[in-house]
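# A closer look at the structure
One letter stands for each residue in the lines below.
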Amino acid sequence: QVQLVESGGGLVQAGGSLRLSCVASGRTFSNYAMGWFRQAQGKEREFVAAMRRDSALAYYADSVKGRFTISRDNAKNTVYLQMNSLNAEDTAVYYCAATQSSRYYSGGRYEYDYWGQGTQVTVSS
């Protein structure tokens, strides 16, 4: 089992920035690709970003490309999501997830086995 705990969410004005963190425990963190997803009220959970276990590759949804950056520190068992130029459409609960699937980059939430509890991000316009 992998336990994931997100933090860093909050209320921010449009154009502002936030950095989300997700700390993993329970298994060897560097064995897992990590992803960030988000779910706005009344909508399906959607892919935001993913990173290979060695940090060599990262993938982004078109809606966040150029504004969000995923990174990880395997020594700290932590994955981050730096979010810049936030807008109201970014308002959602953000979840981190872990997988050993080679298709971690596909954006499919069913590729991920472990999920955090989520952290709320609210962008005011």
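Our structure's up above, just so we're on the same page.
Now for a quick tour of the structure. The residue numbers shown here count from 1 along each chain, following its written sequence. A pLDDT threshold of at least 70 governs which residues receive local features in this predicted model, and a stricter bar of 80 or more applies before side-chain atom pairs are shown or counted, although totals over entire chains, interfaces and linings include all residues. Values shown for side chains rest on all heavy atoms present in the structure; no hydrogens or waters enter the calculation.

### Here we look at the overall build of the protein
Here is the rule we go by: Note on conventions: DSSP H or I runs of at least 4 residues are helices, E runs of at least 2 residues are strands, and numbering of each starts at the N terminus. Three labels apply to residues, based on accessible area from a 1.4 Å probe with only protein chains included: buried if under 20% of the type maximum, exposed if over 50%, partly exposed otherwise in between. Pairs of residues are marked as contacts when any of their non-hydrogen atoms sit within 4.5 Å.
When its secondary structure is counted, the protein shows zero helices and eleven strands. Mapped from its N terminus to its C terminus, the protein presents α and β elements in the order β-β-β-β-β-β-β-β-β-β-β. Oriented by its inertia axes, the alpha-carbon framework of the protein measures out at about 40 × 25 × 25 Å. Looking at the protein as a whole, 42% of its 125 residues are labelled buried. Sequence separation of 24 or more characterises 57% of the internal contacts of the protein that already satisfy a separation of 6 or more.

### Re the state of the cysteines
Defined simply, a disulfide is a covalent bond joining two cysteines at their sulfur atoms. We count it as follows: Any cysteine sulfur atom paired with another within 2.5 Å is treated as part of a disulfide.
One pass over the full model with this rule turns up one disulfide. Between Cys 22 and Cys 96 runs a disulfide, and the two sulfur atoms are separated by 1.9 Å. The sign of the 45° torsion about the S-S bond sets the Cys 22-Cys 96 disulfide as right-handed. Of this pair, Cys 22 sits in strand 3 (residues 18–25) while Cys 96 sits in strand 9 (residues 92–99); the two residues are 74 residues apart in sequence, bridging distant segments of the chain. Of the residues examined, Cys 22 reaches a relative accessible area of 0% and is grouped as buried.

### Considerations on the nonpolar core
Selection criterion: Here the nonpolar core consists of buried residues drawn from Ala, Val, Leu, Ile, Met, Phe, Trp, Tyr and Cys, with membership extended through side-chain atoms lying within 4.5 Å.
Judged by nonpolar contacts, the single largest core of 36 residues is most densely connected at Leu 4, Trp 36, Leu 81, Met 83 and Tyr 94. Elements with a contribution of two residues or more to this core: strand 3, strand 4 (33–39), strand 5 (46–51), strand 7 (68–73), strand 8 (78–83), strand 9 and strand 11 (119–124). Those residues in contact with Tyr 94, other than ones at most four positions away along the chain, are Glu 6, Leu 20, Trp 36, Phe 37, Arg 38, Val 48, Phe 68, Leu 81, Met 83, Gly 118, Thr 119 and Val 121.

### Let's talk about the packing of aromatic side chains
This is how the line gets drawn: Here the aromatic set is Phe, Tyr and Trp, taking the six-membered ring for Trp, and pairing holds for ring centres within 6.5 Å; pairs whose planes are under 30 degrees apart are stacked, those over 60 apart are edge-to-face, and all others are tilted.
Scanning the entire structure with this criterion turns up eight aromatic pairs. The interplanar angle of 80° and the centroid separation of 5.1 Å between the aromatic rings of Phe 37 and Tyr 112 together place this pair among those described as edge-to-face. Residue Phe 37 is located in strand 4, and its partner Tyr 112 is located in the loop between strand 9 and strand 10 (114–115); the two are separated by 75 residues in the primary sequence. We note that Phe 37, like Tyr 112, is buried.

### Overview of the pairing of strand 11
The condition is simple: Paired strands are those between which DSSP finds at least two bridges.
In strand 11, alternate side chains face the same way, and those of Thr 119, Val 121 and Val 123 are buried while those of Gln 120, Thr 122 and Ser 124 on the opposite face are not. The sheet contact formed by strand 2 (residues 10–13) and strand 11 spans four bridges and is parallel. Bridged to Leu 11 within strand 11 is Thr 122.

### Comments concerning unusual backbone geometry
Of note, Asn 77 is a non-glycine position whose phi angle comes to about 55°, a positive value. Even without glycine at this site, Ser 85 takes up a positive phi of about 50°. Position of Ser 85 among the secondary structure elements: in the loop between strand 8 and strand 9. Taking relative accessible area as the criterion, Ser 85 reaches 43% and is therefore assigned partly exposed.

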